Amino acid sequence: AQKVTQAQTEISVVEKEDVTLDCVYETRDTTYYLFWYKQPPSGELVFLIRRNSFDEQNEISGRYSWNFQKSTSSFNFTITASQVVDSAVYFCALSDRNSGYSTLTFGKGTMLLVSP
Amino acid sequence: NAGVTQTPKFRVLKTGQSMTLLCAQDMNHEYMYWYRQDPGMGLRLIHYSVGEGTTAKGEVPDGYNVSRLKKQNFLLGLESAAPSQTSVYFCASSWQGNQETQYFGPGTRLLVL
């Protein structure tokens, strides 16, 4: 069965520090997709990125970057020069078709607190 | 487009009461999903639907029923609410041609006393 582990329950940093959120996944499928979502204090889920299992290129979007390594089944997320507005819960998720249809399995989330 | 909407936004129930949560999407998506989010647990799939008139169980289906009578709506029912069903409920939808990417609603907070 698929599984997503976010070992860091909570991280506290001071503004302008860099921070990396870890995500390790398990799946039997050779084709799968990985996601990161942000959940700010307002509660909605904000889509950040989707990456398929055949694309191991790292991606950068502004202050955000993602490091996908199939060899270690990891999809880590780094925020450079963190800001207070980055304070949120971040979820890593895995989508595969183990059951025939695509379903999302979420990690338990990492709460990031950025203080001024 | 409104995307995915959920009704109501917040509700308080007494143990044993019933209620229905409504999810609506205007993107003509074939697939729809209901999740619950509990502190420290992430989101867990309750039920999902791959088309009008079809539903399937997810990871935590007990105590819930669902119906998909219209393509744009996915209803989640609690026949006899229990305090363990206090949670935030999220609905999502996805297109058949890109089913992996789900679009989420704003959530419904449910408190069962």
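Residues numbered from 1 in each chain as written. Chains lettered and ligands numbered in written order. Predicted model: local features only at pLDDT ≥ 70, side-chain atom pairs only at ≥ 80, totals over all residues. Heavy atoms only, no water.

### Here we look at the sheet that holds strand β3 (residues 19–25) of chain B
Residues and elements named next belong to chain B. Spatially, the four strands line up as an open sheet ordered β1-β3-β8-β7, and their pairing is antiparallel. Looking along the sheet, the strands with just one partner apiece sit at the ends: β1 (4–7) and β7 (65–67). Going across the sheet, the axis of each strand differs from the next one's by a mean of 20°, ignoring polarity. Where β7 meets strand β8 (residues 73–78), three bridges bridge the pair, whose relative direction is antiparallel. Looking at β8, one finds that Ser67 is bridged to Leu75. (Pairing = 2+ DSSP bridges. Helix = DSSP H or I, 4+ residues; strand = E, 2+ residues; numbered from the N terminus. Axes fitted to C-alpha atoms, helices over the stretch in contact; angles between N-to-C directions.)

### As for the nonpolar core
All names here are of chain A. Residues Trp36, Phe77, Tyr90 and Leu112 are the most contacted members of the largest nonpolar core, which totals 23 residues. Every element with two or more residues in this core is listed here: β2 (10–14), β3 (19–21), β5 (33–39), β8 (64–69), β9 (74–79), β10 (88–96) and β12 (110–115). By residue number, the principal contributor to this core is β10, which donates four residues. (Core = buried A, V, L, I, M, F, W, Y, C linked by side-chain atoms within 4.5 Å. Buried < 20%, exposed > 50% of the residue type's maximum accessible area, 1.4 Å probe, protein only.)

### Things to note about the layout of surface pockets
Each pocket or cavity is described by its volume, and for the largest pocket that value is around 680 Å³. Gln39, Val89 and Phe91 of chain A together with Gln37 and Pro39 of chain B are, among the 34 residues lining the largest pocket, the residues nearest its centre. Among the secondary structure elements, those contributing two or more residues to the lining of the largest pocket are β10 and β12 of chain A together with β4 (31–38), β9 (87–94) and β11 (108–112) of chain B. The class makeup of the residues in the lining of the largest pocket is 15 nonpolar, 15 polar and four charged. What lines the second largest pocket is a set of 21 residues, among which Gln2, Leu104, Thr105 and Phe106 of chain A together with Glu59 of chain B lie closest to the centre. Elements represented by at least two residues in the lining of the second largest pocket include exactly β1 (3–5) and β11 (103–106) of chain A together with β5 (42–51) of chain B. (1 Å grid on protein atoms, 1.4 Å probe; cavity = no way out; pocket = protein on both sides within 12 Å on 5 of 7 lines; lining within 4 Å. Points joined across faces, edges and corners; volume = space filled by probe spheres on them. Nonpolar A, V, L, I, M, F, W, Y, C, P; charged D, E, K, R; others polar.)

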